[in-house]
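A closer look at the structure
Residue-level listing of the chains:
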Amino acid sequence: MSDRRAPVDGDPLELDAETMRRLGYRVVDLLVERLAGLDREPAWRGAPRAELEPRLRERPPGAPRDFDVILNRLVADVLSYAARVDHPRFFAYVPGCPTWPGILGDFIAAGYNVFQGTWLASAGPSEVELVVLDWFREWVGYPAEAAGVLVSGGSAANLTALACAREAMLGAEAGGAVLYFSAETHASVERAARVLGFRRDQLRRLPVDDAFRLRPETLAGAVEADVRDGLRPLLLVANAGSTSTGAVDPLPELAAVCAGHGLWLHADAAYGGFAVLSERGRAALRGLELADSITLDPHKWLYQPFEAGCLLVRRGARLHEAFHILPDYLQDAAVAGGEVNFADRGVQLTRAARALKIWLSIQYFGVDAFRRAVDHALDLALHAQRVIEGTPELELLAPATLGIVCFRRRPAGVDDEAELERLNASLVPRLLESGLGMVSSTRLHGRYALRICPLNHRSRIPDVERVLHWLATAPPDGVPARGAEVAR
Ligand SMILES: *Cc1c(COP(=O)(O)O)cnc(C)c1O
């Protein structure tokens, strides 16, 4: 259809209502059709830059173009060259599979263009953020005095947490401070430390046990050595669901060590935190409430669209103290009493209303639906473990933990680590190319491991089984793969 646009009062950027509706409906149809056909799409499609440059490199057009033409091109030349992280057989990294109300929540937030930096500019949406944060607070078992902030993701939450801890513990004086975390800790922590100006010699990356957990005695030993050297132990980042294996550090025991030495305990629950919604997850995350601060990622296991991260701080006033500044040009936005300027809880002034999508999707489905989705993911991971254990060609390397399983292909009689690594490393890109699904890899105590994370609420047992079957039976590299029945 050709793009008929009525000029509106000579405004070069305004559209008439009829055109806006038509464009909007077109986009809704596109998204709904995509979701309906997702299972028949490849889980991944990529292209080298050399292939994409000629398709997309151009000067910005001076004249208007037809919306349908642009949209078709966006789908064909841009969006199809990406992983479908919401595909039912996308098991790599951490799948992202937002609900439709969540997606609409982001659309609404963009449409209303809510400025959620100050209460003055967004009283209602700010109240909704407080409400949503309070739900999270209760789920993790924090007291009423806790406070939080929604951020772009786990990386931003970890950065905000480290800045908050430093302010709370040291003020501006960070010389001699030492940060502790484990070899399994997410890289965003080290990056946050860099951003905040900590030098490498202020970071202690501690070894983990056979189950990929930081032992309390390992932490205590490192802290005591630093104290003897006249240094100032500042904080521990504990894993509450590590990215590689889902491992949860022994939080109660680590909390005791932290309390004994005056360390801030930050729990990185970006990946695993929302498992507290289920009984099994809650048991696995025992002691989470003892942390001084917690990172959560609603865009992971709370099924929200990117971006949605969250930081909760147990003594909530610390968060405000760490970030509050009132410049002259915002003096009209000053708050007293119970209102909150969310700009005073982190690094962003202009903020999108991330709370709306969370609120909308939880209102629409009810918490029980999310609880069941979390349980479903835990069940799928357990099922994957059973299939792996029952498949002679596959070897389990780390059992299902908070929805993650690590394993490898191990043909009978092959013991050479280098050969096993070559074989397994060749499977990851070939599975991608097949279009059937996607898994990622990691290293466990130095050994190359395949990793699957069946977090998607749309994934089913046959999805897991088909991908595992492919990995168990794909011919060794060099022989063309068969059995990938998904069309490209
Ligand atoms: C994903 C993840 C992060 C980073 O979160 P982003 O949302 O990707 O920024 C941090 N820590 C852990 C444990 C994670 O799994």
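Since we're looking at a predicted model, the values are computed, not measured.

Focus: helix α13 (residues 354-365)
- An ideal rise of 1.5 Å per residue puts 16 Å on twelve residues; α13 measures up with 18 Å between its terminal C-alpha atoms.
- Of the positions making up α13, those classed as buried are R354, A355, L356, K357, I358, S361 and I362.
- Tucked inside the fold, the buried residues of α13 contact α4 (100-112), α5 (123-140), β1 (147-151), α11 (298-301) and α14 (367-389).
- Two residues or fewer past α13, G366 is found with a positive phi of approximately 80°.

As for the environment of S242
- Structurally, S242 is set in the loop between β4 (232-239) and α9 (251-261).
- When the C-alpha positions of S242 and A267 are compared, they lie 10 Å apart, and in sequence the two are 25 residues distant.
- Setting aside its immediate chain neighbours within four residues, S242 contacts E184, A247, Y271 and I404.
- At 3.2 Å, the side chain of S242 forms a polar contact with the side chain of T245.

Comments concerning the pairing of strand β11 (residues 447-452)
- Taking burial as the measure, the six residues of β11 include five buried ones, the bulk of the element.
- As judged from the three bridges shared by strand β9 (residues 404-409) and β11, these two strands associate in the antiparallel manner. What sits directly across from V405, in β11, is I452.
- In this structure, strand β10 (residues 440-444) lies alongside β11, joined through five bridges in antiparallel fashion. When the sheet's bridge partners are listed, T442 is paired in β11 with A449.

Some details on the layout of surface pockets
- Here the largest pocket defines a volume of roughly 870 Å³.
- As for the largest pocket, its lining consists of 29 residues, and the residues nearest its centre are L31, R34, L79, R84 and D86.
- Looking at the lining of the largest pocket residue by residue, the class counts come to 19 nonpolar, four polar and six charged.
- The calculated volume of the second largest pocket comes to roughly 350 Å³.
- Around the second largest pocket sit 23 residues that line it, and V94, H186, D297, H299 and K300 are the ones nearest its centre.
- For the lining of the second largest pocket, the secondary-structure elements that each account for two or more residues are α6 (154-170) and α11.
- At three residues, the largest contribution of residues to the lining of the second largest pocket is made by α6.
- Partitioned by chemical class, the residues of the lining of the second largest pocket number nine nonpolar, eleven polar and three charged.

Focus: the site of the ligand
- Close contacts around the ligand come from 14 residues, with G154, S155, D268, D297 and K300 the closest.
- The separation between an oxygen atom of the ligand and a polar main-chain atom of G154 is 2.8 Å.
- For the ligand, an oxygen atom lies 2.8 Å from a polar atom in the side chain of H299.
- Here the ligand occupies the second largest pocket.
- Listed by contribution, the elements that provide at least two residues to the shell around the ligand are α6 and α11.
- Among the elements that take part in the shell around the ligand, α6 stands out by supplying three residues, more than any other.
- Of the residues that constitute the shell around the ligand, the class distribution is two nonpolar, nine polar and three charged.

A closer look at the nonpolar core
- The biggest cluster of nonpolar side chains holds 100 residues, and the ones touching the most others in it are F136, L219, L236 and W301.
- Looking at this core element by element, the count peaks at seven residues for α6.
- Residues within four places of L219 in sequence aside, it is in contact with Y180, L206, L214, L236, L254, V257 and C258.
- Listed in part, the 23 residues of the second largest apolar core include A381, F407, L431 and V464.

The rules behind these values
- Residues numbered from 1 in each chain as written.
- Predicted model: local features only at pLDDT ≥ 70, side-chain atom pairs only at ≥ 80, totals over all residues.
- Heavy atoms only, no water.
- Helix = DSSP H or I, 4+ residues; strand = E, 2+ residues; numbered from the N terminus.
- Expected span 1.5 Å × (residues − 1).
- Buried < 20%, exposed > 50% of the residue type's maximum accessible area, 1.4 Å probe, protein only.
- Contact = heavy atoms within 4.5 Å.
- Polar contact = N/O pair within 3.5 Å; in protein donor to acceptor, adjacent residues only side chain to side chain.
- Pairing = 2+ DSSP bridges.
- 1 Å grid on protein atoms, 1.4 Å probe; cavity = no way out; pocket = protein on both sides within 12 Å on 5 of 7 lines; lining within 4 Å.
- Points joined across faces, edges and corners; volume = space filled by probe spheres on them.
- Nonpolar A, V, L, I, M, F, W, Y, C, P; charged D, E, K, R; others polar.
- Near = heavy atom within 4 Å.
- Sits in = over half its atoms within 2 Å of the grid points.
- Core = buried A, V, L, I, M, F, W, Y, C linked by side-chain atoms within 4.5 Å.

What is shown is where atoms sit, not what they do.
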